[in-house]
Amino acid sequence: MIKIEQISKKYKGSENFSVSNLDLFIDEKEIFGLLGPNGAGKTTLISILCSLIKPTSGSFSINNLTYHKNKNQLKQLIGIVPQEYALYPTLSAFENLKYFGSMYGLKGKHLDSKINSSLEHLGLLPFANKAIETFSGGMKRRVNLIASILHDPKVLFLDEPTVGVDVQSKNVIIGFLQDLNKKGTTIIYTSHHLNEAELFCTRVAIIDHGKLIIKGKPSDLIDSHEGANNLEDVFLTITGKALRDHA
Amino acid sequence: MHKLWASTYKEILLLTRDIGGIAILFIMPLVLIVTITLIQDSAFKTVSDAKIPILLVDNDNGEISKTVKTGLTDSNAFEIITKDDENEAKELVFSGKYQLAIIIPENLSTDLEKKINQNVEGIIAKFGLEEEGEHKLIDIPAKEVKLYFDPATQMTFKSSVKNGIDKMISKIETQSIYKAFQDQITDDPSEVIFETDNFITYTEILPKEGNKDLIPNSVQHNVPAWTLFAIFFIIVPLSINIVKEKSQGTFVRLRTNPVSYATVLGGKTAVYLIVCLIQFILMLLVGVYLFPAIGLPTLNVSGRLPLLFIVAIFAGLAAIGLGLLLGTIAKTQEQSAPFGATFVVILAAMGGVWVPVFVMPKIMQTLSNISPMNWGLNAFYDVFLRNGSLLDLIPELSLLLAFFLITTLIAIFYNEKKNAV
């Protein structure tokens, strides 16, 4: 499904590679977690896969499509939930979703019903006509998610989709994503919530300093590390306890 | 097409949700045009209600000072305040209380008469009409009319006053010379030897609309100039709109959507063009209805509306192209807003909105040719003041359209290159 070959990325002015010679294969209908400390290269990798930034070297394909040859097909195939709320604050949830849905060529009653059902699923229908700027962080995250799935993408990329939200919102979001996955959507997501990843993901990869350190099913990774009771123990064993502050 | 309409509708929603922004967008240009026209109106009026008070120290009390006084009074531009002391007048002017003091020297009229008589007698004697021995030369010192200007006075005012006084004195000198010859040649004062009326006169021929002269007034000059200025100010909110899309993350989302940057810009172009046209309509309404109500000349738009709208559309497109380019290149509002505002003022200055192009230095005249505001202003003047047809407007309209296309294409290519993957 997603084939990543020797992808590297070095930003201008930076001495180090943010992603370095990374190889990865993600299968169809997987829920794949990209885990790693701050600055590990998770967001950079997702941005490359969403064609937001250009890799310094290497290549990738999604469903055997490459960005160079199948730009519009690829855009129609994927959805991205960015870390920031990529919404117009003064527009209502419905207006935001209608606009972003239209950008995928959706229109009319089909789009309206798709928006309404998604809003209902995520508990936002009563707030459909309220401006985004009046929403809480959790509500904005949910609208942010809906804006990326209206066109039924085959692959959904999520960059920290549950950051800064309460437990209730997090559960609703995770439940929604699991439903999407059951319907056939491949999900690739980054998170700092390791417990969440352990329960949610079919497979995870831990990357650090831009390199893939380990990958596998969460249960297999826990079992293969002596003394590890959960994914967090595995993570700390692999990446260490040193702080990763950088500017 | 559906995506373009959706983008346009989104821009309409964004704009209408910002009531304060809309108010500024429409009200400020109106305030600007009313203020500027009120200020500049007196410069176009031949009869001004507001007279400039000036000081006159008349040490001559003769024919010349009388003529100068009459000339200044008849101009209706000045209120003459007589002072006796030159130093007092000088102090008042240099302290900024008055713009000008005119000091007419002692015996100016009598000495001028003596000097002219002496010169005429000398000429007559050379022609042998008088005996040479009778002609004696007296040393008459040259006279000087002093002008004191407030240091803050503008050069244009100074030179027009100087020219006016110079003209009055030259006229008196000429008349005195004729009179001196008349006195020498004949003893009969009623005998007409010289015709003293001006041989050369001038008439201003104005463009006509039918049988009617098109007489320009301050409103016909100011409305197009400042309307254009306001239209070009659209680049500030437009560039901010684009920069905001980048900072709030929506632009990142759009980049992952199957929609071209040209479509996104197309929606913005459509909406901001409507804004430009609403601004234009409001300006015309102010010119036609508000100006006469506050004592300004009425803006005459009869028969010109279609052409005016065509010019406004093309000028609006040029302004929008610039706004799209600026918004695409700028990374922050702190970059786009001050740059946009300053750049519009520079374009306005270059385009002849502040000072007519023909009085600019040579290099600025050349540069004015590349200011889209100059093309727009000329197109508006063609319609308002030169009674131009659509054919006459084609050169300016073509330049404005080319400017829009070039700036928009640069914006699209810049964006493609910057975000190439």
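Calculation rules
Just so you know, the residues in each chain are numbered from 1, in the order the chain's sequence is written. Chains and ligands are labelled by the order in which they are written, letters from A for the one and numbers from 1 for the other. pLDDT decides what is reported in this predicted model: residues at 70 or higher carry local features, side-chain atom pairs at 80 or more are listed and counted, and totals for whole chains, interfaces and linings draw on all residues regardless. A run of DSSP states H or I qualifies as a helix once it reaches four residues; a run of E qualifies as a strand once it reaches two. Both are numbered from the N-terminal end. Here the globule rule reads 2.2 Å times residues to the power 0.38, and the radius of gyration is calculated from C-alpha atoms. With C-beta atoms placed from the backbone, a contact is any residue pair whose C-beta atoms sit within 7 Å. Here the term charged refers only to Asp, Glu, Lys and Arg, the term nonpolar to Ala, Val, Leu, Ile, Met, Phe, Trp, Tyr, Cys and Pro, and the term polar to all other amino acids, Gly among them. Exposure classes come from backbone-placed C-beta atoms, where a residue is buried if 20 or more other C-beta atoms lie within 10 Å of its own, exposed if 12 or fewer do, and partly exposed in between. As a per-residue measure, pLDDT tells how confident the predictor is, with possible values from 0 to 100. Take the number of residues in a helix, subtract one, and multiply by 1.5 Å to get its expected span. This arc describes the spread of directions from the helix axis toward the C-beta atoms. Whether two strands pair depends on DSSP finding at least two bridges between them. Interaxial angles span 0 to 180 degrees and are taken between N-to-C directions of axes, which are lines fitted to C-alpha atoms, for helices over the stretch in contact. A set of buried residues drawn from Ala, Val, Leu, Ile, Met, Phe, Trp, Tyr and Cys, joined through C-beta atoms within 7 Å, is what defines a nonpolar core. Residue ranges assigned to the domains are those given by an automatic or database domain assignment.

**Section: the overall build of chain A**
Step number 1: Along chain A, the regular secondary structure elements total nine helices and nine strands.
Step number 2: Against the globule reference of 18 Å for 247 residues, chain A gives a C-alpha radius of gyration of 18 Å, in line with a compact fold.
Step number 3: Seen along its three principal axes, the alpha-carbon backbone of chain A occupies a region of about 50 × 40 × 35 Å.
Step number 4: Of the contacts formed within chain A by residues at least 6 apart in sequence, a portion of 69% connects residues at least 24 apart.

**Quick notes on the interface of chain A and chain B**
Step number 1: Counting from both sides, the interface comprises 28 residues of chain A and, opposite them, 21 residues of chain B.
Step number 2: Elements that contribute at least two residues to the side of chain A that touches chain B include exactly α2 (71-77) and α3 (93-102) of chain A.
Step number 3: Among the elements that make up the side of chain A that touches chain B, the one with the highest residue count is α3(A) (four residues).
Step number 4: Partitioning the side of chain A that touches chain B into residue classes produces 17 nonpolar, six polar and five charged.

**Some thoughts on the environment of B:I64**
Residue and element names in this part refer to chain B.
Step number 1: Looking at the element boundaries, I64 is found in helix α3 (residues 63-74).
Step number 2: On the basis of neighbour count, I64 is assigned to the buried category, with 25 C-beta atoms found within 10 Å.
Step number 3: Through-space distance from the C-alpha of I64 to that of L4 is 75 Å; in sequence the pair is 60 residues apart.

**Looking at the confidence of the model for chain A**
Step number 1: Looking at chain A, the pLDDT average stands at 86 and 97% of residues meet or exceed 70.
Step number 2: Mean pLDDT across the elements of chain A bottoms out in helix α9 (residues 231-239) of chain A (78) and peaks in α3(A) (94).

**Here we look at helix α12 (residues 333-351) of chain B**
Residues and elements named next belong to chain B.
Step number 1: Here α12 spans 26 Å end to end across 19 residues, near enough to the 27 Å set by a 1.5 Å rise per residue.
Step number 2: For α12, the set of buried residues is S336, G340, V344, L347, A348, M350 and G351. Projected down its long axis, α12 carries its buried residues within an arc of 160°, all on one side. Summarising the geometry of α12, the exposed residues directed more than 90 degrees from the buried face are E334, P338 and T342.

**Comments concerning the sheet that holds strand β8 (residues 203-208) of chain A**
Residue and element names in this part refer to chain A.
Step number 1: The strand order β5-β6-β7-β3-β8-β9 describes an open sheet built from six strands, whose pairing is mixed. Unpaired on one side and paired on the other, β5 (78-81) and β9 (211-216) mark the two borders of the sheet. Direction aside, neighbouring strands of the sheet carry axes that sit 15° apart on average.
Step number 2: Relative to strand β6 (residues 155-159), β5 is paired through four bridges, and the arrangement is parallel. When the bridges of β6 are listed, I78 appears paired with V155.
Step number 3: Docked against the sheet, helix α1 (residues 42-49) engages β3 (31-35), β6, β7 (186-191) and β8, running at close to 150° with respect to β6.
Step number 4: Sheet strands touched by α9: β3, β8 and β9. Its angle to β8, the strand with the most contacts, is close to 30°.

**Quick look at the nonpolar core**
Step number 1: Membership of the largest hydrophobic core comes to 134 residues, with the highest contact counts inside it found for A:F157, B:F232 and B:I234.
Step number 2: If you tally residues by element for this core, the top one is helix α11 (residues 305-329) of chain B, at 13 residues.
Step number 3: Setting aside residues no more than four positions away along its own chain, B:I234 makes contact with B:Y272, B:V275, B:C276, B:A319, B:I320 and B:G323.
Step number 4: The next biggest cluster of nonpolar side chains, apart from the first, holds 22 residues, and it includes B:Y98, B:L112, B:V161 and B:I172.

**Here's the deal with the domain arrangement of chain B**
Step number 1: In terms of domain boundaries, chain B breaks down into domain 1 (2-44 + 214-418) and domain 2 (52-202).
Step number 2: On a C-alpha basis, the centres of domain 1 of chain B and domain 2 of chain B stand 52 Å from each other.

**With respect to α3(B)**
Each full turn of the α-helix corresponds to 3.6 residues, which orients residues three or four apart in the same direction.
Residue and element names in this part refer to chain B.
Step number 1: Look at α3: 16 Å from first C-alpha to last across 12 residues, which is about the 16 Å you get at 1.5 Å a residue.
Step number 2: Turning to α3, its buried residues number three or more, namely I64, S65, V68 and L72. For α3, the angular spread of the buried residues around the axis is 95°, confining them to a single face. Of the residues in α3, the exposed ones pointing more than 90 degrees away from the buried face are T70 and D74.
Step number 3: Packing partners of the buried residues in α3 comprise β1 (52-58), β2 (78-83), β3 (100-104), α5 (108-126) and α6 (155-185).

**Details of the sheet that holds strand β1 (residues 2-9) of chain A**
All names here are of chain A.
Step number 1: Pairing is antiparallel in the open sheet, where three strands are placed in the order β2-β1-β4. In this open sheet, the two strands that pair with only one neighbour each are β2 (19-26) and β4 (57-62). Averaged over all neighbouring strand pairs, the angle between strand axes comes to 15°, with direction disregarded.
Step number 2: Bridge count between β1 and β4: five bridges; the pairing is antiparallel. Its bridge partner being in β4, E5 is matched across the sheet by S59.

**Quick word on the environment of B:K331**
Step number 1: Inspection of the secondary structure puts B:K331 in the loop between α11 and α12.
Step number 2: Taking the C-alpha atoms as reference points, B:K331 and B:I242, separated by 89 residues in sequence, lie 9.5 Å from one another.

**Observations concerning the confidence of the model for chain B**
All names here are of chain B.
Step number 1: When the pLDDT values of chain B are averaged, the result is 84; 92% of them are 70 or greater.
Step number 2: Considering each helix and strand of chain B separately, the mean pLDDT is smallest for strand β6 (residues 212-213), with a value of 64, and largest for α11, with 94.
Step number 3: Note on the complex model: pTM 0.76, ipTM 0.84.

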